[in-house]
Amino acid sequence: MQNKITRRAIVKSGLIAGALVPAFGMLGNTAGAAALPPLDPADPTAKALGFVTDASTVSASANPTYKPNQKCSTCAQYQGKAGDATAACNIFAGHSVPAGGWCKVWAQKPGA
Ligand code: SF4
């Protein structure tokens, strides 16, 4: 009897923990992205990839692949959701980039 109760308690606590882990994980990701320092355009990697905080300032002659509708929020590397002002970028780990930014690695986000 004692074993059944213990087993049941373990199963119950496991189910509760299983349900809470994803919820806390999501909270953690949101807080982590918000805490990321903004990417400095003067950062050597950012410079090499032509990163700018405002895509409207991209020189089309210097960046022939650039099109006016390209910006971080429509890039496959952007980790933010619609309406986010800034978000993490897979290319510049540990930094946030603005939704309106751009760099030479831009690639169309599926569905954007
Ligand atoms: S890879 Fe995409 S999201 Fe990241 S900085 Fe370049 S354009 Fe923006």
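Quick note: structure is the one above.
Since we're looking at a predicted model, the values are computed, not measured.

Let us now look at the side chain of Lys109. With respect to the helices and strands, Lys109 occurs in the segment after strand S2 (96–98). For the buried residue Lys109, which engages in no salt bridge, the nearest side chain bearing the opposite charge is Asp84, 8.3 Å off. Within polar-contact distance, the side chain of Lys109 engages the backbone oxygen of Tyr78 at 3.3 Å. Residues contacting Lys109, with those up to four places away along its chain left out, are Ser73, Thr74, Cys75, Ala76, Tyr78 and Gly80.

As a further point, take the site of the ligand. Around the ligand, the neighbouring residues are Phe51, Cys72, Cys75, Gln77, Tyr78, Cys89, Ile91, Phe92, Trp102, Cys103 and Trp106. In a pocket analysis with a 2 Å cut-off to the grid points, the ligand is assigned to the largest cavity. Class assignment for the residues of the shell around the ligand results in 10 nonpolar, 1 polar and no charged.

Membership of the largest hydrophobic core is limited to 11 residues, which are Leu39, Ala46, Phe51, Cys72, Tyr78, Ala87, Cys89, Phe92, Val97, Ala99 and Cys103. In this structure, Tyr78 is in contact with Cys72, Ser73, Asp84, Ala85, Thr86, Ala87, Ala88, Val97, Pro98, Ala99 and Lys109, ignoring residues within four places of it in sequence. One finds Ala55, Val58, Tyr66 and Trp106 within the second-largest nonpolar core, a separate group that totals 6 residues.

What counts and what doesn't
Residues numbered from 1 in each chain as written. Predicted model: local features only at pLDDT ≥ 70, side-chain atom pairs only at ≥ 80, totals over all residues. Heavy atoms only, no water. Helix = DSSP H or I, 4+ residues; strand = E, 2+ residues; numbered from the N terminus. Buried < 20%, exposed > 50% of the residue type's maximum accessible area, 1.4 Å probe, protein only. Lys, Arg positive; Asp, Glu negative; His and termini not counted. Salt bridge = Lys/Arg side-chain N within 4 Å of Asp/Glu carboxyl O. Polar contact = N/O pair within 3.5 Å; in protein donor to acceptor, adjacent residues only side chain to side chain. Contact = heavy atoms within 4.5 Å. Near = heavy atom within 4 Å. 1 Å grid on protein atoms, 1.4 Å probe; cavity = no way out; pocket = protein on both sides within 12 Å on 5 of 7 lines; lining within 4 Å. Sits in = over half its atoms within 2 Å of the grid points. Nonpolar A, V, L, I, M, F, W, Y, C, P; charged D, E, K, R; others polar. Core = buried A, V, L, I, M, F, W, Y, C linked by side-chain atoms within 4.5 Å.

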